[in-house]
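Architecture and fold: a report
Take a look at the letters that make up each chain.
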Amino acid sequence: MSEPAAALAGFRDPVHDAQRTFRAVLDALARPGTLQRVAAPDEQPTCLSPAIAALALSLLDHDTAVWLCPELCAAAPYFRFHADTPVTDSPGAAAFALTTAAQMPALGTLAAGTPLYPHRSCTVLCEVPALTGGKALRLTGPGIDGSTRLRCQGLPGVFVHQWSAQLGRFPLGVDVLLTHGDRVCGLPRGVRIEEMG
Amino acid sequence: MAEAPTPTGQDRPGWLALLARATPEELDSTWDALPRVPAYTVLQAPTVGLVMVRGRAGGEGRPFNLGETTVTRATVRIDRDVVGHGYVLGRRRRCAERIAVFDALLQTGDRNGLLGDILLDPVRKRTQRERARRRRRAAATRVDFFTMAREAS
């Protein structure tokens, strides 16, 4: 496909598709580790999965600076056209960071909010190669009955370590949404992640 | 007051300006006259929004906000990569979408000059007629102010 990213259609029914996707995000963050299905857009740039495109179309607007990892930069015109989103070069200034798992910036370099305004933090939309198989992670914390297991491929090896480091700064920190295909999985900042042996 | 010249419709800003001035009837009859309605993909469904209109007294004063007006816009794609935009005053969703399709068609070279003949030319002539009529009515009530030269003391 050689179309310029700007000439691609977004949601067929912008209002309801965005609401369905937003609901999926709420469910994903309320029940960490579960996979929720988003409303896929009609078309998206080849570098994006339907899920990360749908999340971006639902969550981004002209007030949210977005940072794109080099692999996803080709999608910038798509977001500018459909969401009127300003694209920033600096991950620290971004309200949303869109990245592939391989190019995920260190969590500590992203906006974590301030003690007075912890919500002024970055939300990471991270495209992973698969949400099945791979290393098993054990999740515990709010929204989880006991513990749950998340299987996900492609996250950098240092991710779990960086996550534990930001847990110590709670309520500051970033929230992560993992995407693949038309599925999203939420990792809100309050959840504890351990590698399973 | 300085008036913008009537657009010729030869270049893209020109034909978009004429399309925006076309009446719903002109757009619909052209649409029905198309030998074949092109297959198109809606990139942005017709959306109604507000636009601030700015004015300048006499066309040369300080710009000021005159007021807000409703505008409908739409974006479509034909032939895989030709993107057409439609902007029109008011809440006219169908018009905006058809203008976007016409814009895309005109970019691909307006096969047989059809759109120019049955849509752009009539709209341009009608706009010119209406302007001339307005100018005549305004000229009839024109008052020329002047200041008497003060006598030398």
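Figured I'd write up the structure that's included with this text. (Residues numbered from 1 in each chain as written. Chains lettered and ligands numbered in written order. Predicted model: local features only at pLDDT ≥ 70, side-chain atom pairs only at ≥ 80, totals over all residues. Heavy atoms only, no water.)

1. Brief notes about the interface of chain B and chain A
Contacts between chain B and chain A engage 9 residues on the former and 10 residues on the latter. Taking both sides of the interface into account, the surface hidden between chain B and chain A amounts to around 680 Å²; carbon and sulfur atoms contribute 56%. When the buried area of chain B at its contact with chain A is split by residue, Leu 43, Arg 77 and Arg 80 of chain B rank highest and sum to 62% of it. We note a salt bridge from Glu 43 of chain A to Arg 77 of chain B, for which the minimum N-O separation is 2.8 Å. (Contact = heavy atoms within 4.5 Å. Buried area = accessible area lost by both parts, 1.4 Å probe. Salt bridge = Lys/Arg side-chain N within 4 Å of Asp/Glu carboxyl O.)

2. A closer look at the packing of aromatic side chains
Any pair of aromatic rings gets described here by the distance separating the centres and the angle formed by the planes. One pass over the full model with this rule turns up 4 aromatic pairs over all chains. Each ring, one from Phe 159 of chain A and one from Trp 163 of chain A, has its centre 5.8 Å from the other, and the planes form 40°; the classification is tilted. Pair noted here: Phe 159 of chain A and Trp 163 of chain A are both in helix H4 (residues 159-167), with a separation of 4 residues, about one helical turn. Like Phe 159 of chain A, the residue Trp 163 of chain A is buried in the burial classification. Residues Trp 31 of chain B and Tyr 40 of chain B carry aromatic rings whose centres are separated by 6.4 Å and whose planes lie at 85° to one another, so their mutual orientation is edge-to-face. Here the aromatic residues Trp 31, Tyr 40 and Phe 102 of chain B are joined through ring pairs into a cluster of three or more. Between the NZ or CZ atom of Arg 120 of chain A and the centre of the ring of Tyr 117 of chain A, over which it lies, the distance is 3.8 Å. (Phe/Tyr/Trp six-rings, centres within 6.5 Å; stacked < 30°, edge-to-face > 60°. Helix = DSSP H or I, 4+ residues; strand = E, 2+ residues; numbered from the N terminus. Buried < 20%, exposed > 50% of the residue type's maximum accessible area, 1.4 Å probe, protein only. Lys NZ or Arg CZ within 6 Å of the ring centre and 35° of its normal.)

3. A closer look at a nonpolar patch on the surface
Residue and element names in this part refer to chain B. Together, Val 53, Phe 64 and Leu 66 make up an exposed nonpolar region whose accessible area comes to about 270 Å². For Phe 64, the position within the fold is in strand E2 (residues 63-78). Owing to a relative accessible area of 37%, Phe 64 belongs among the partly exposed residues under this scheme. (Patch = residues over 30% accessible without salt bridge, like charges linked within 9 Å, V, L, I, M, F, W, Y side chains within 5 Å. Areas by Shrake-Rupley, 256 points an atom, 1.4 Å probe, with all protein chains shown as cover.)

4. Some points on the sheet that holds strand E1 (residues 35-37) of chain A
Sheet strands associate in pairs through backbone hydrogen bonding, adopting either a parallel or an antiparallel arrangement. Residue and element names in this part refer to chain A. Here we have 7 strands laid out as an open sheet, ordered E1-E9-E8-E5-E4-E2-E3, and mixed in their pairing. The strands lining the two open edges of the sheet, one partner per strand, are E1 and strand E3 (87-88). Direction of pairing for strand E4 (residues 96-100) relative to strand E5 (residues 123-127): parallel, over a ladder of 5 bridges. The partner of Thr 99 across the bridge, within E5, is Cys 126. Against the sheet, helix H2 (residues 50-59) touches E4, E5, strand E8 (175-180) and strand E9 (183-187), its axis set at about 135° to E8. (Pairing = 2+ DSSP bridges. Axes fitted to C-alpha atoms, helices over the stretch in contact; angles between N-to-C directions.)

5. A word on the layout of surface pockets
The space that makes up the largest pocket amounts to roughly 750 Å³. What lines the largest pocket is a set of 29 residues, among which Pro 14 and His 82 of chain A together with Leu 43, Gln 44 and Thr 47 of chain B lie closest to the centre. At the level of secondary structure, the elements contributing two or more residues to the lining of the largest pocket comprise helix H1 (14-30), H2 and helix H3 (76-83) of chain A together with strand E1 (41-56), E2 and strand E3 (82-89) of chain B. Residue composition of the lining of the largest pocket, by class: 14 nonpolar, 8 polar and 7 charged. (1 Å grid on protein atoms, 1.4 Å probe; cavity = no way out; pocket = protein on both sides within 12 Å on 5 of 7 lines; lining within 4 Å. Points joined across faces, edges and corners; volume = space filled by probe spheres on them. Nonpolar A, V, L, I, M, F, W, Y, C, P; charged D, E, K, R; others polar.)

6. Some thoughts on the nonpolar core
Counting residues in each nonpolar core, the largest one holds 60 residues, and the members touching the most others are Leu 98, Phe 159, Leu 178 and Leu 187 of chain A. Apart from the residues within four sequence positions on either side, Phe 159 of chain A is in contact with Met 104, Leu 107, Val 176, Leu 187 and Ile 193 of chain A. Counting residues in each nonpolar core, the second largest holds 25 residues, with Leu 19, Ala 22, Leu 105 and Val 123 of chain B among its members. (Core = buried A, V, L, I, M, F, W, Y, C linked by side-chain atoms within 4.5 Å.)

7. Re the packing of helix H2 (residues 24-33) of chain B against helix H4 (residues 114-140) of chain B
Residue and element names in this part refer to chain B. At their nearest, the axes of H2 and H4 sit 10 Å apart, and the two run at 165° to each other. The pairing of H2 with H4 is recorded here as roughly antiparallel in orientation. Viewed along their axes, H2 and H4 form a crossing whose handedness is right-handed. Across from Glu 26, Leu 27, Thr 30 and Ala 33 in H2, the residues of H4 making contact are Leu 114, Leu 115, Ile 118, Leu 119, Val 123 and Arg 126. A breakdown of the residues in the contact of H2 with H4 according to their chemical character gives 7 nonpolar, 1 polar and 2 charged. (Parallel < 35°, antiparallel > 145°, perpendicular 65-115°, else oblique. Left-handed = near helix turned anticlockwise from the far one by under 90°.)

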